[in-house]
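One-letter residues, chain by chain:
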Amino acid sequence: MTVRRYDEPVQVQTADEGVPEHEASPRRFIWHGRVYDVDAVHDRWVLRQPWWRRALASDGGAWALEPDLLDEHVWRVSAVARGAGVGVYDLARGRQWRLLRVGD
């Protein structure tokens, strides 16, 4: 399996309604103009971002001092886009959704 690293924003639609945002599993996401449907969630974990890196971020970073905003919830999912094969994607939800890794 080839794994490529990314750090790109994606639009994500979640499957769970009525649960906190950080608990809701991704159901579909859009990346580079393609719609990917999630087949399965394989794993889930939380990453704690170092506050000092976030405080120096180009977006201002003042939010980095809020402890709850330092956690990123990551889902490893298998998903498929129309006309493409199944891939494995790591999607992270912090202040926004981001695509971290792609395996195919």
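As the structure is a computational prediction, the values presented were derived from the model and not from experiment. (Residues numbered from 1 in each chain as written. Predicted model: local features only at pLDDT ≥ 70, side-chain atom pairs only at ≥ 80, totals over all residues. Heavy atoms only, no water.)

### Details of the environment of H73
Next, step 1: Relative to the assigned elements, H73 resides in strand β5 (residues 71-81).
Next, step 2: Judged by its relative accessible area of 12%, H73 is buried.
Next, step 3: Sequence separation between H73 and L47 is 26 residues, and the spatial gap between their C-alpha atoms is 6.4 Å.
Next, step 4: Here H73 is in contact with H22, R44, W45, V46, L91, A92 and R93, once residues within four sequence places are set aside.
Next, step 5: Within polar-contact distance, the side chain of H73 engages the side chain of R44 at 3.5 Å. (Helix = DSSP H or I, 4+ residues; strand = E, 2+ residues; numbered from the N terminus. Buried < 20%, exposed > 50% of the residue type's maximum accessible area, 1.4 Å probe, protein only. Contact = heavy atoms within 4.5 Å. Polar contact = N/O pair within 3.5 Å; in protein donor to acceptor, adjacent residues only side chain to side chain.)

### Considering the side chain of S78
Next, step 1: Turning to its location among the elements, S78 is positioned in strand β5.
Next, step 2: Dropping the residues within four chain positions of it, S78 is found in contact with D37, V38, D39, A40, H42, V86, G87 and V88.

### Looking at the nonpolar core
Next, step 1: One finds V10, F29, W31, Y36, Y89, L91 and L99 to be the most contacted residues of the largest nonpolar core, which totals 15 residues.
Next, step 2: Within the residue set of this core, elements represented by two or more residues are β3 (26-31), β4 (34-48), β5, β6 (86-93) and β7 (97-103). (Core = buried A, V, L, I, M, F, W, Y, C linked by side-chain atoms within 4.5 Å.)

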